[in-house]
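Residues per chain, in single letters:
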Amino acid sequence: MQRRLFGLRALLALGLGLAAPALSTGCEAIANIEDRELGQCGEFCDTVMRNCTGNNKVYETRQKCMAVCKLYDVGDPSESQETNTLSCRLREARDAEHATEEEVSNHCRSAGPEGLNCDGQCESYCQLYERSCGEVQCGSNANCVAKCKALRNKDSFNLTKDHDGNTVQCRLVHVSNSTVGGKTHCGHANLSTPTEFCKDLPPEDEGEGGSAASTDPDIITEARPVDYCRVVTVACGGGDWAQYESQKQCEALAPFFAQGVLGDQVDDTLACRLYHSYNSLCAESAHCPHAGPGGEGHCGEPTSETVDHVEDTKCIAYCRLAKGVCEAQYNSADGFDGDDEKCLEDCKTLVDHQVVEAGPDTPTRYRVAYAKTPGTLACRLLAVSRAAESRSLCDTLAVFGKAGCAE
């Protein structure tokens, strides 16, 4: 390979009467042959295709390997740093040749798009998406990497199985496909709103979102508190748009939501909140309140004849949660005597009971910072979130507006 490259350069130098150019690690074309085709990418793809086969294969074809390879920074082959570079991946591909059976998967996943030991999946995904698809996810590479942590991350990588499912591995499969298959695959690989494939789907053709059924046993087919709380915590964070004070608090409250069906975009369900949590990844101020305890209208469509307008539907969510978390107190005279209509009517007297869609500058859209204001529905929703985590707090009656939430 090196002799061929030298020969081409020598011929060019003699034919043009110029000194032979210095060896390059870039993608400069010489006689229509790229350095990296002949050099590092060629060696890398030969190595990884030879050493990572069967269930450990990380590129279907050498063509795709070469296309992805050209998007990696070259790095320094003399250093053993775990960086998101071609040099790191080449070392991992070489190491796979003599690794034990248990170690081969680790080395091959590191040599592939995941970059497991080469700075990690999210760093690789965000860089590959930007360079192949021509745009940065979530506004910046740093924000993309941070929000990518919300995605389910499997302890495996399989080109066939990971073609589907709401995982970082699925997105890496499709962003790799985009290097040879066109920009359509970029939509499949989107971080927050993939257009196809990288979703979890219901077991039947149901759901307000129109989700088709999935028969793949590896695809999650129902909304799970662990997924919802991981995503909403990362998406909305601990800053201005936090919907819970901690992921643990979210996990305590989530089982009290109705389950719903994956793909739901409306209705007072866990599935709906999960859907809007993903939307929140790159647009916190717009979508985090939809994903929170009250659903801010999107996850609180009228399901009761006692609610006449969608603007009042945060009260549905509140009353259901209050009744579920603090049932004894809800059924007592200190609560609502077990009367759902009484709860709804009481809720509708609060200044912030209506759904607000006016944007991030509207102060009454639900978030923890605003919920610490006593005498508000937001205060009650925060109180019920706290009570789910520590049931003795039901006795303080803050859930029913009888005590404040301010710290």
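Our subject is the structure that appears above.
Below, the structure is looked at part by part. (Residues numbered from 1 in each chain as written. Predicted model: local features only at pLDDT ≥ 70, side-chain atom pairs only at ≥ 80, totals over all residues. Heavy atoms only, no water.)

Turning our attention to the overall build of the protein chain. The secondary structure content of the protein chain amounts to 19 helices and two strands. Classification of the 407 residues of the protein chain by burial places 49% in the buried group. Counting only contacts in the protein chain whose residues sit at least 6 apart along the sequence, the fraction spanning at least 24 positions is 58%. Taken as a whole, the protein chain presents about 17900 Å² of accessible surface, with 49% of it coming from carbon and sulfur. (Helix = DSSP H or I, 4+ residues; strand = E, 2+ residues; numbered from the N terminus. Buried < 20%, exposed > 50% of the residue type's maximum accessible area, 1.4 Å probe, protein only. Contact = heavy atoms within 4.5 Å. Areas by Shrake-Rupley, 256 points an atom, 1.4 Å probe, with all protein chains shown as cover.)

The subject of this paragraph is the nonpolar core. With 96 residues, the main nonpolar core has Phe44, Val48, Tyr228, Tyr318, Val399 and Phe400 as its most contacted residues. A total of nine residues in this core trace back to one element, the largest contributor, which is helix H19 (residues 377-389). Those residues in contact with Val399 that sit more than four places away from it in its chain are Tyr318, Ala322, Cys326, Arg380, Ala383, Val384 and Ala387. (Core = buried A, V, L, I, M, F, W, Y, C linked by side-chain atoms within 4.5 Å.)

Turning next to the side chain of Arg89. When you line up the elements, Arg89 lands in helix H5 (residues 86-97). It is Asp119 that comes nearest to the buried, bridge-free Arg89 among opposite-charge side chains, at 8.3 Å. Among the polar contacts listed, one links the side chain of Arg89 to the backbone oxygen of Gly112, at a separation of 3.1 Å. Those residues in contact with Arg89 that sit more than four places away from it in its chain are Phe44, Tyr72, Asn84, Ser110, Ala111, Gly112, Pro113, Glu114, Gly115, Cys118 and Ser124. (Lys, Arg positive; Asp, Glu negative; His and termini not counted. Salt bridge = Lys/Arg side-chain N within 4 Å of Asp/Glu carboxyl O. Polar contact = N/O pair within 3.5 Å; in protein donor to acceptor, adjacent residues only side chain to side chain.)

Time to look at helix H17 (residues 340-347). Listed as buried for H17 are Cys343, Leu344 and Cys347. In an axial view of H17, the angular spread of the buried residues amounts to 95°, which keeps them on one side of the axis. In this structure, the buried residues of H17 make contact with helix H15 (314-325), helix H16 (327-330) and H19. The N-terminus of H17 is capped by Asp339, whose side-chain oxygen sits 3.0 Å from the backbone nitrogen of Glu341. (Arc of directions from axis to C-beta.)

On inspection of all chains with the given rule, the structure shows 21 salt bridges. Between Arg380 and Asp346 there is a salt bridge; the shortest N-O distance is 2.7 Å. Taken as a pair, Arg380 in helix H19 and Asp346 in helix H17 lie far apart in primary sequence, 34 residues in all. Here Arg380 falls in the buried class, since its relative accessible area comes to 7%. What emerges from the salt-bridge pattern is a single network uniting Arg152, Asp200, Arg224, Asp227 and Arg230.

Below, the discussion takes up the packing of helix H11 (residues 225-236) against helix H14 (residues 284-291). Put simply, H11 and H14 touch, their axes get as near as 10 Å, and they point 150° apart. Taken together, the axes of H11 and H14 lie roughly antiparallel to each other. Viewed along their axes, H11 and H14 form a crossing whose handedness is left-handed. Along its contact with H11, which presents Tyr228, Val232, Ala235 and Cys236, the element H14 presents Glu284, Cys288 and Ala291. (Axes fitted to C-alpha atoms, helices over the stretch in contact; angles between N-to-C directions. Parallel < 35°, antiparallel > 145°, perpendicular 65-115°, else oblique. Left-handed = near helix turned anticlockwise from the far one by under 90°.)

In a regular helix each residue adds 1.5 Å, so 13 residues correspond to 18 Å; helix H7 (residues 121-133) covers 17 Å between its end C-alpha atoms and thus fits that length. Burial of H7 is extensive: ten of the 13 residues sit out of reach of the surface. Here H7 has its buried residues at Gln121, Cys122, Ser124, Tyr125, Cys126, Gln127, Leu128, Tyr129, Ser132 and Cys133. Where H7 is buried, its residues meet helix H4 (62-69), H5, helix H6 (101-111), helix H8 (141-148), helix H9 (168-181) and helix H10 (184-188). (Expected span 1.5 Å × (residues − 1).)

Another point: the packing of aromatic side chains. A full pass over the atoms with the stated rule returns six aromatic pairs. Ring geometry for Phe44 versus Tyr59: centroids 6.3 Å apart, planes at 85°, classification edge-to-face. Within this pair, whereas Phe44 is found in helix H3 (residues 40-51), its partner Tyr59 is found in the loop between H3 and H4, the two being separated by 15 residues in sequence. Pair check on accessibility: Phe44 and Tyr59 agree, each one buried. A centroid spacing of 6.3 Å and a plane angle of 85° characterise the contact between Tyr228 and Tyr244, whose relative ring orientation is edge-to-face. (Phe/Tyr/Trp six-rings, centres within 6.5 Å; stacked < 30°, edge-to-face > 60°.)

Phi at Asp267 takes a positive value of approximately 90°, unusual for a residue other than glycine. In this structure, Asp337 is a non-glycine residue whose phi angle is positive, near 55°. The topology assignment puts Asp337 in the loop between H16 and H17. Residue Asp337 is classed as partly exposed on the basis of its relative accessible area, which comes to 44%.

Counted according to the given criterion, the structure contains 16 disulfides. Each disulfide pairs two cysteine sulfurs, and for Cys272 the partner residue is Cys299, the sulfurs being separated by 2.1 Å. What sets the handedness of the Cys272 and Cys299 disulfide is the S-S torsion sign, and at about -85° it is left-handed. Highlighted residues: Cys272 in helix H13 (residues 270-280) and Cys299 in the loop between H14 and H15, separated in sequence by 27 residues. Note on Cys272: relative accessible area 0%, which makes it buried. Overall, the relative accessible area of 0% leaves Cys299 in the buried class. Two residues share a disulfide in this structure: Cys315 and Cys347, whose sulfurs sit 2.1 Å from each other. On the S-S bond that ties Cys315 to Cys347, the torsion sits near -85°, and the link is left-handed. Placement of Cys315 in helix H15 and of Cys347 in helix H17 is noted, with a sequence separation of 32 residues between them. No difference in accessibility class separates Cys315 from Cys347, as the two residues are buried. (Disulfide = S-S within 2.5 Å.)

Everything listed is a geometric property; what it means functionally is a separate question.
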